[in-house]
Amino acid sequence: GEDVEQSLFLSVREGDSSVINCTYTDSSSTYLYWYKQEPGAGLQLLTYIFSNMDMKQDQRLTVLLNKKDKHLSLRIADTQTGDSAIYFCAEYTGTASKLTFGTGTRLQVTL
Amino acid sequence: SQTIHQWPATLVQPVGSPLSLECTVEGTSNPNLYWYRQAAGRGLQLLFYSVGIGQISSEVPQNLSASRPQDRQFILSSKKLLLSDSGFYLCAWTARQAFQETQYFGPGTRLLVL
């Protein structure tokens, strides 16, 4: 099977920017998502980007999409301690009504 | 607005005992429904998905099963639990829209098999 790949861990200082990277598998993916999971909780949808876009900004969040390299990133500006969580990227290819999730990146925000 | 519920929130079961986890969705009709498992410190594994009542697709062979007796109810079951069934079980739903599959997740059930 093919995997959506993410780095396992990222540590940043409060106030700095965080960049979480994801490499997805299917060049025909139509939608790409970022989810946030806080400890002991379900997944919360943060944002998504359609494949015909290369950037989307939503307050402190910026999503960049490089279709040629199948690379997706999530930038969090002015990272806060409340941003500490696991972040999952996911791709939807329009087949079989399924999302394929990445392995998750644990973001640790230090003071 | 739509909400998704999972019950119970936490469960401790002995090896070999049966399992029934419930997921219900409110505020929408005819959703696609999904069961995921998340082992400790790991990513999401899709277990089952359903596009309608009585329609279940299994992603991985295991001793778990799923059923959808009603449009907005999705149940995960096992006749005999294994230690390896421990994990965090997440239910999700999505509205059927062309080309988009935004999934919304429930709060999860933490299962510990001893």
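Report follows, based on the coordinates. Since we're looking at a predicted model, the values are computed, not measured. (Residues numbered from 1 in each chain as written. Chains lettered and ligands numbered in written order. Predicted model: local features only at pLDDT ≥ 70, side-chain atom pairs only at ≥ 80, totals over all residues. Heavy atoms only, no water.)

The linkage connecting W7 of chain B with the following residue, P8 of chain B, adopts the cis geometry, with an omega of -5°. In this structure, D78 of chain A is a non-glycine residue whose phi angle is positive, near 50°. For D78 of chain A, a relative accessible area of 40% corresponds to the partly exposed category. A positive phi angle is found at N30 of chain B, which is not glycine, with a value near 60°. Of note, N30 of chain B is situated in the loop between β3 (19-26) and β4 (32-38). (Buried < 20%, exposed > 50% of the residue type's maximum accessible area, 1.4 Å probe, protein only. Helix = DSSP H or I, 4+ residues; strand = E, 2+ residues; numbered from the N terminus.)

Let us look at the side chain of Q38 of chain B. The topology assignment puts Q38 of chain B in strand β4. At 2.7 Å, the side chain of Q38 of chain B and the side chain of Q37 of chain A are in polar contact. (Polar contact = N/O pair within 3.5 Å; in protein donor to acceptor, adjacent residues only side chain to side chain.)

Residue and element names in this part refer to chain A. In the sheet, strand β4 (residues 31-37) pairs with strand β5 (residues 43-50) via 7 bridges, with the strands oriented antiparallel. Bridging from a neighbouring strand, Y33 pairs with Y48 of β5. Hairpin connection between β4 and β5: a loop of 5 residues separates the two successive antiparallel strands, and G40 in this loop has a positive phi of roughly 75°. (Pairing = 2+ DSSP bridges.)

Another point: the packing of aromatic side chains. Inspection of every chain in the model, using the stated rule, returns 14 aromatic pairs over all chains. Joined through ring pairs, the aromatic side chains of Y31, Y33, Y35, Y48, F50 and F101 of chain A together with Y34, Y36, Y49 and F105 of chain B make up one cluster. Across from the ring centre of Y48 of chain A, 4.3 Å away, lies the NZ or CZ of K56 of chain A, which sits over that ring. Over the ring of F88 of chain B we find R110 of chain B, and its NZ or CZ is 4.4 Å from the ring centre. (Phe/Tyr/Trp six-rings, centres within 6.5 Å; stacked < 30°, edge-to-face > 60°. Lys NZ or Arg CZ within 6 Å of the ring centre and 35° of its normal.)

Let's shift gears to the interface of chain B and chain A. Often, the extent of an interface is quoted as the loss of accessible area upon association of its parts. Every contact between the two is made by 23 residues of chain B and, on the other side, 19 residues of chain A. Between chain B and chain A, the buried area comes to about 1600 Å², and carbon and sulfur atoms account for 57% of it. At the boundary of chain B with chain A, the tally comes to 0 salt bridges. For the pair chain B and chain A, the number of links is 3 residue pairs in polar contact (both at pLDDT 80 or more). (Contact = heavy atoms within 4.5 Å. Buried area = accessible area lost by both parts, 1.4 Å probe. Salt bridge = Lys/Arg side-chain N within 4 Å of Asp/Glu carboxyl O.)

Residues and elements named next belong to chain A. Applying the stated rule across the entire model yields 2 disulfides over all chains. Between C22 and C89 runs a disulfide, and the two sulfur atoms are separated by 2.0 Å. Here C22 and C89 share a disulfide; its torsion about the S-S bond, 70°, makes the bridge right-handed. Residue C22 is located in strand β3 (residues 18-23), and its partner C89 is located in strand β9 (residues 85-92); the two are separated by 67 residues in the primary sequence. (Disulfide = S-S within 2.5 Å.)

Quick look at the pattern of salt bridges now. All names here are of chain A. Applying the stated rule across the entire model yields 5 salt bridges over all chains. Across the pair R60 and D83 runs a salt bridge whose closest N-O atoms are separated by 2.9 Å. Separated by 23 residues along the polypeptide, R60 in the loop between β6 (55-58) and β7 (61-66) and D83 in the loop between β8 (71-76) and β9 bring together distant segments of the chain. Residue R60 is classed as partly exposed on the basis of its relative accessible area of 32%. The buried category is assigned to D83, whose relative accessible area is 7%. Between D69 and K68 there is a salt bridge; the shortest N-O distance is 3.6 Å. For K68, a relative accessible area of 77% corresponds to the exposed category.

On to the nonpolar core. Residues and elements named next belong to chain B. Of all hydrophobic cores here, the largest spans 20 residues; its most connected members are W35, F48, L76 and Y89. If you list the elements that add at least two residues to this core, you get β3, β4, β5 (44-52), β7 (64-70), β8 (73-78), β9 (87-94) and β11 (109-113). Among the elements that make up this core, the one with the highest residue count is β3 (4 residues). If sequence neighbours within four positions are ignored, F48 has contacts with L33, Y34, W35, I56, S57, S58, Q62, L64, S65, A66, F74 and L76. (Core = buried A, V, L, I, M, F, W, Y, C linked by side-chain atoms within 4.5 Å.)

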